[in-house]
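Chain by chain, the residues run as shown.
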Amino acid sequence: MKKIVSSFLLLVSTTTAVMAQKQITSPEAAFGFKPGTDRKLADWTELTAYFKKLGTESDRIRYEEIGKTTEGRPFITVTISAPENLAHLAHYQEIQQKLADPRTTSPEEATKLIAEGKTVIVVTCNVHATEIASSQSATEFAYQLATGDTPRIRSILHNVIIVLVPSLNPDGQQLVVDWYKKYLGTPYEGSNPVVLWHHYLGHDDNRDWSSFTQVETRLAVEKVINPWHPQILYDLHQMGSNGPRIYLPPWVDPIDPNVDPILVESMNALGTNTALEIGQTGKQGVLIHGVYDFWSPLRDYIALHNGLRVLTESASVDIATPINIPFEKLDRGIGYDAKVAAWNFPDPWKGGPWHLSDIVDYQLDAFFSIANNAAEFRERYLSNFYQVGVRAIDRKSGPYAYVIPAEQADSATTARLINILRIGEVDVERATSGFDADGKHYSSGSYIVRLAQPYGGFAKTLLEIQDYPNIPEYPGGPLQHPYDVTAQTLPLLFGVTAVPVNDRITVASSKVDVAKPAPGHFDKSSNGNGYLISDKTNSSLYALFALLAEDLKVYRLTGSGFEPGTIYIPQQDGLDAKLAVIADKFPVDIRAASSSPAGSALLVRLPRIALYQSWVPSMDEGWTRWIFDQNGIPYTRLIDADIRKGNLNQRFDVILIPDNSPGAITSGRRGSGGESTGSPSTTPPVEGRSANQKAQGATNAHGTPTAASDGAAAGGPQVPPEFKGGLGEEGVASLKAFTQAGGTIVTLNKASQVYAKKNAGGIENALDGIDKKAFFIPGSILQVSVDPSNPIAFGSTPTVPIFYENGPAFKVTGNAHSIASFATDKPLLSGWILGGQLLKGTSVIAEEPVGKGQIILFGFRPQYRAQSEITYKFLFNALLSSSSRAVTLDGSSVARALQSSTFKNDESDK
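Not measured: the values here are computed from a predicted model.

A.B. asks: Would you mind showing me how to read the overall build of the protein here?
C.D. replies: The number of helices and strands found in the protein is 23 helices and 40 strands. Its C-alpha atoms give the protein a radius of gyration of 29 Å, within 12% of the compact-globule value 29 Å for 910 residues. The buried share of the protein, taken over its 910 residues, is 61%. Long-range contacts, defined here as pairs at least 24 residues apart, represent 78% of the contacts in the protein between residues at least 6 apart. In the form shown here, the protein has an accessible surface area of approximately 32800 Å², with 51% of it arising from carbon and sulfur atoms. Charge centroids of the protein, computed over 81 positive and 94 negative side chains, lie 2 Å from each other.

Next up, the structure:
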């Protein structure tokens, strides 16, 4: 009788489960097509609606909106596990937090927690919006886990908590789908959008994991990764079409030495096992240990927070349009030849049609393999997670700590550095009395970052000098070029002193939650002589822009008795109230002038800034917009057609042309590297870049070559005609007329090659014709010498670290002159360099008068990824120079203009 009852109950339970499954909506039913169908994509509105619906239909799914994106869309997570696990998520999150910090958890308690806890996997999709497949695959991940009843799925649900982020870039996801649908069925089908597919960063949204500038990065870190402390982060990307079909770890060398070896071994094992299980299905073209190194924290957060990062890169199609790739057109790269079998690539793909559904299928295989592995080895993952933390707090090698002295040149950048560490869950203390370490005295108020803590490796990799190793392509062969940038030393980039110390520090201190810059100070006076502001910090220049926006009369002093560039505001109506607001907003010291300055000065007005936007989108343009928007610097975006119309002087004082290839600017073509964003300064072969770099020989379903999705010479998919052509001859002539009539043009990095050409003027690129085998700097920090008396270098120190990445270096002759140059043949401060001796004596900031105006050329990006704070001032000063003119102050706040061909007029100012 008991058996009959048990069988009946089992039948009822099974029937109920089946009925429940039937009530769960499939992606195909929700969208009207199966994810991966050719030329069909669900947009962000449809995706969020589906996941929300799934959360109401399945007790295995929890939908949550955790914030809003840059453009106001929902940023969501979908948490997937067994119902009994979802009912106690806070408890499992607490287990994760206890295991993450062995300082608060004894080995005995850890053993109990490991027995009870679950492996946590965070799955991140679609950070690069054109790599669209994973946003579609995510629906299948969730649906199959919501409805499946196989032993494998039951094991995953019981042992694993999956936190799925269907898109790290919802704004870009929507933009790409809208663009794709708009041109579906036209010759432009499958082309990439002509604007950045993140509001500010484009592809660089995956280079924000060590500075946390963007809303989406902060949400992912602060609302997902930090609260959950996952053992595994599975990150889905796409790559170029003509290589392997999918890539997984092991990574190629070098690997950041701050990543624990247990994590490296675990990533090797998990990636290799996943590759095996994909191959077992009969799928070909699976690569491990190729292309991607594991050096830079700009694209990896989790491994420096004691979890595994598993990257998959799938071969791309034209967004959602299938392509055809002949076998003979398959390519080769670091660690592979796509036509040749090898130990790490045992079964090459044979070429032929490639569909969005193929990408989805490979991603599904990888996802379920990783999730099943996490379930099967749950105890090992949790145990290793705890042990990595134990090793971190038992750190034996030096240094013991970093000390960030209280005395800093810029309290705002110092606070920013501390807050980056705090967002990364690094413990920071502030000394409440003076102390000594390594024979040096440090004042009260100095910050202390001890490295023996769970995430000390994250702190160390951001604070230390990078020494990227020389790796030959083969024994005795030429050096292998690094995959990505090689330096990220934030103290150098921020202009902050951070000192490694080996002595153990014993001092009374308080824990830092959030660091704040020193408050602004306004020394109100009634003497009528006006006020002075030192211009040595970025904040002082933000304050200057704010003062000019208030239509105040402002000078920068250049005469004797003052630091060049000192900001002087003479007494004028309503001044004190406006200065009080400035001091409240910016960390600046506004002091009363003891007397009205006399001598030479520059009268400054608010520059009318035009920011050039190429239809070959530039990430550098996006970063520039972000910095301007964050700091209240007004600008107008200018496209090719605007420039070709002419009459630019009527609207603008200065035109800023961000980093982009000369071809992209003048002809609307990408640079020779086929760079995915038009920015030639970063030349890695893939990790998300080359989803947009369809190698030559591929064709789409129409049989059209897909060598360049920007409509370059190799064929389609073509860009719509209104976005083609670049500036053209008409636009170049218009820019020339602009400078002849008194305008200023500022160019950054590779954009400077538009002007730095042989026999084109007084500035030439000294590196023209130099082979990459002799000179290559993919992203390192170098030292340059500066002339601080030049208005473009006001507020600078005589030597400055710059972030340099294969930019031009200038030979300066004639009327042109250098503002910053390489004074040594060994300029490397952090990172890696090949051919550094070729830089000695060349310039990296040069200016040349042109007619009544000027061109100012940078051989680097002074606002590099919103990190190189120490060189921001060069860019701001260059912009301000466009609206400055020389005057003489007579000591009574009366100015007499000096005649100068550099400036637009010589009217008197009083």
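Structure shown, so let's carry the discussion forward.
A.B. asks: Quick question: what am I supposed to make of the sheet that holds strand β4 (residues 160-165) here?
C.D. replies: Sheet strands pair by backbone hydrogen bonding; their relative direction is either parallel or antiparallel. If you walk across this open sheet you meet the 8 strands as β1-β2-β4-β3-β5-β8-β6-β7, and the pairing is mixed. In the strand order of this sheet, the two ends are held by β1 (61-68) and β7 (286-288), each with one partner. Put simply, the sheet's adjacent strands are angled 20 degrees from each other on average, direction ignored. Pairing between strand β5 (residues 232-239) and strand β8 (residues 308-315): 8 bridges, direction parallel. In the strand pairing of β8, Tyr234 is matched with Val310. Strands in contact with helix α11 (residues 261-280) are β5, β6 (246-248), β7 and β8; relative to β8, the strand with the most contacts, it is inclined by about 35 degrees.

A.B. asks: Can you help me understand the layout of surface pockets in this one?
C.D. replies: The rolling of a water-molecule-sized probe over the atoms marks out the regions of remaining empty space. Of the volumes computed, that of the second largest pocket is approximately 720 Å³. As for the second largest pocket, its lining consists of 26 residues, of which Arg416, Trp626, Gln630, Asn631 and Glu869 are closest to the centre. Broken down by secondary-structure element, the contributors of at least two residues to the lining of the second largest pocket are α14 (411-423), α17 (538-549) and α19 (619-630). Counting residues per element, the lining of the second largest pocket draws most heavily on α14, which supplies 7 residues. Split into classes, the residues belonging to the lining of the second largest pocket amount to 13 nonpolar, 8 polar and 5 charged.

A.B. asks: Any chance you could explain the packing of helix α6 (residues 107-116) against helix α13 (residues 378-393) here in plain terms?
C.D. replies: Relative placement of two packed helices is described by the angle separating their axes and the distance separating the axes. Running from N to C, α6 and α13 point in directions that differ by 150 degrees, and their axes come no closer than 9 Å. Classed by the angle they form, the pair α6 and α13 counts as roughly antiparallel. When you trace α6 past α13, the crossing you get is right-handed. In this structure, α6 contributes Pro107, Ala110, Leu113, Ile114 and Ala115 to the contact, and α13 contributes Arg378, Glu379, Leu382, Ser383 and Tyr386. Partitioned by chemical class, the residues of the contact of α6 with α13 number 7 nonpolar, 1 polar and 2 charged.

A.B. asks: How should I be thinking about the side chain of Thr739 in this particular structure?
C.D. replies: Residue placement: Thr739 occurs in helix α22 (residues 728-740). Given a relative accessible area of 2%, Thr739 falls into the buried group. Looking at Thr739, its side chain comes within polar contact range of the main-chain oxygen of Lys736, at 2.9 Å.

A.B. asks: What is the right way to look at the pattern of salt bridges in this model?
C.D. replies: This model, assessed by the stated rule, comprises 34 salt bridges. Its salt-bridge partner being Glu109, residue Lys98 comes within 3.6 Å of it at the nearest N-O pair. On the criterion of sequence distance, the pair formed by Lys98 in helix α5 (residues 89-100) and Glu109 in helix α6 is long-range, its members being 11 residues apart. Ionic pairing is found between Arg218 and Glu222, a salt bridge with its closest N-O pair at 2.8 Å. Residue Arg218 and its partner Glu222 are located together in helix α10 (residues 215-228), separated by 4 residues, close to a single helical turn. The class for Glu222 is partly exposed, based on a relative accessible area of 34%. One network of salt bridges, with partners in common, ties together Arg207, Asp293, Arg299 and Asp484.

A.B. asks: Which parts of the structure should I look at to understand α11?
C.D. replies: Structurally, the α-helix is built with 3.6 residues per turn, so residues lying three or four positions apart point the same way. The terminal C-alpha atoms of α11, which comprises 20 residues, lie 28 Å apart, in line with the 28 Å expected from a rise of 1.5 Å per residue. Buried within α11 are the following residues: Ile262, Leu263, Val264, Ser266, Met267, Leu270, Gly271, Thr274, Ala275 and Ile278. Elements that come into contact with the buried residues of α11 comprise β5, β6, β7, β8, α12 (356-376) and α13. Its side-chain oxygen at 2.7 Å from the backbone nitrogen of Ile262, Asp260 defines the N-terminal cap of α11.

A.B. asks: Would you explain the packing of aromatic side chains in this entry?
C.D. replies: Each aromatic ring pair is described using two quantities: the centre-to-centre distance and the angle formed by the ring planes. For the structure on display, the rule yields 31 aromatic pairs. Ring geometry for Phe212 against Tyr301: centres 5.8 Å apart, planes inclined by 80 degrees, an arrangement best described as edge-to-face. Taken together, the positions of Phe212 in the loop between α9 (170-182) and α10 and Tyr301 in the loop between β7 and β8 put the pair 89 residues apart, joining distant regions of the chain. In this structure Tyr301 comes out as buried when scored by relative accessible area, which is 3%. Their ring planes at 75 degrees and their centres at 6.4 Å tell us that Phe775 and Tyr804 sit as a pair that is edge-to-face. Residue Phe775 is located in the loop between β31 (763-765) and β32 (780-786), and its partner Tyr804 is located in strand β33 (residues 799-804); the two are separated by 29 residues in the primary sequence. Each member of the pair, Phe775 together with Tyr804, is buried. Ring pairing ties together the aromatic residues Trp179, Tyr183, Tyr188, Trp615 and Phe723, which thus form one cluster. Over the face of the ring belonging to Trp354 we find Arg245, whose NZ or CZ atom lies 4.6 Å from the ring centre. Its guanidinium or amino end placed over the ring of Tyr362, Lys283 lies 5.8 Å from that ring's centre, counting from NZ or CZ.

A.B. asks: Honestly, the pairing of strand β17 (residues 447-450) in this entry has me stumped. Any pointers?
C.D. replies: On a regular strand, each side chain points to the face opposite its neighbour's, so the side chains alternate between the two faces of the sheet. Along β17, one buried face is formed by Tyr447 and Val449 and the opposite face, lined by Ile448 and Arg450, is buried too. Pairing of strand β13 (residues 401-404) with β17 involves 4 bridges; the strand directions are antiparallel. Counterpart to Ala401 in the pairing with β17 is Arg450. Direction of pairing for strand β14 (residues 429-431) relative to β17: antiparallel, over a ladder of 2 bridges. Across the sheet, residue Arg430 finds its bridge partner in β17, namely Tyr447.

A.B. asks: How should I be thinking about empty space enclosed by the protein in this particular structure?
C.D. replies: Scanning the model with the defined rule gives 8 cavities of 30 Å³ or more in all. Taken as a whole, the largest cavity spans an internal volume of roughly 120 Å³. In terms of lining, the largest cavity is formed by 13 residues, of which the most central are Trp209, Leu233, Asp235, Tyr301 and Arg309.

A.B. asks: Explanation requested: unusual backbone geometry in the structure shown.
C.D. replies: Trans is the common state for peptide bonds, and a negative phi is the common state for residues other than glycine. Along the chain, Pro249 connects to Pro250 via a cis peptide bond; the corresponding omega equals 20 degrees. Following Gly398, the chain continues to Pro399 via a peptide bond in cis, the omega torsion being -5 degrees. Counting through the fold element by element, Pro399 comes out in the loop between α13 and β13. For Asn306, which is not glycine, the phi dihedral falls at a positive 70 degrees. Summarising the element assignment, Asn306 is placed in the loop between β7 and β8. For Asn306, a relative accessible area of 7% puts it in the buried group. One non-glycine residue, Asn806, adopts positive backbone phi at about 55 degrees. Along the chain, Asn806 falls in the loop between β33 and β34 (810-812).

The rules we used
- All residue numbers refer to positions counted from 1 along the written sequence of the respective chain.
- Residue-level local features of this predicted model are given only where pLDDT is at least 70; pairs of side-chain atoms are given and counted only at 80 or more, and the full residue set underlies all totals for whole chains, interfaces and linings.
- The basis for every side-chain value is the complete set of heavy atoms in the structure, and neither hydrogens nor water enter the calculation.
- Numbering goes from the N terminus for both helices and strands, where a helix is a DSSP run of H or I of at least four residues and a strand is a run of E of at least two.
- Here the globule rule is a power law, 2.2 Å times the number of residues to the power 0.38, and the radius of gyration is based on C-alpha atoms.
- Burial status follows relative accessibility: with a 1.4 Å probe on protein chains alone, a residue under 20% of its type maximum counts as buried, one over 50% as exposed, and anything between as partly exposed.
- We call two residues in contact whenever any of their non-hydrogen atoms come within 4.5 Å of each other.
- For the area figures, the Shrake-Rupley method with a 1.4 Å probe applies, and any residue is considered shielded solely by the protein chains shown.
- Only four residue types enter the tally: Lys and Arg on the positive side, Asp and Glu on the negative side, with His and both chain ends excluded.
- A charged residue contributes its charge at one atom only: NZ of Lys, CZ of Arg, CG of Asp or CD of Glu.
- The pairing criterion is simple: DSSP has to find at least two bridges between the two strands.
- Fitted lines through C-alpha atoms give the axes, limited to the stretch in contact for helices. The angle between two N-to-C directions lies from 0 to 180 degrees.
- We place a 1 Å grid over just the protein atoms. Points where a 1.4 Å probe fits but has no way out form a cavity, open points with protein on both sides within 12 Å along at least 5 of 7 lines form a pocket, and any residue with an atom within 4 Å of a point lines it.
- Grid points are joined across faces, edges and corners, and a volume is the space filled by probe spheres set on the points.
- When residue character is reported, Ala, Val, Leu, Ile, Met, Phe, Trp, Tyr, Cys and Pro are called nonpolar, Asp, Glu, Lys and Arg charged, and the others, Gly included, polar.
- Angle categories: roughly parallel below 35 degrees, roughly antiparallel above 145, roughly perpendicular from 65 to 115, and oblique for all the rest.
- It is the rotation of the near helix from the far one that decides the hand of a crossing: anticlockwise by less than a right angle makes it left-handed, clockwise makes it right-handed.
- For the purposes of these results, a polar contact is taken to be a pair of N or O atoms within 3.5 Å, where, inside protein, one atom must be able to donate a hydrogen and its partner to accept one; residues adjacent in sequence count only when each atom of the pair is a side-chain atom.
- Note on definitions: salt bridges are taken to be side-chain nitrogens of Lys or Arg within 4 Å of carboxyl oxygens of Asp or Glu.
- Expected span, for any helix, means 1.5 Å times one less than how many residues it has.
- Aromatic rings from Phe, Tyr and Trp, with only the six-membered ring used for Trp, were paired whenever their centres fell within 6.5 Å, and each pair was classed as stacked if the ring planes differed by under 30 degrees, edge-to-face if by over 60, and tilted otherwise.
- Our definition puts a charge over a ring when NZ of Lys or CZ of Arg is within 6 Å of the ring centre and also within 35 degrees of the ring normal.

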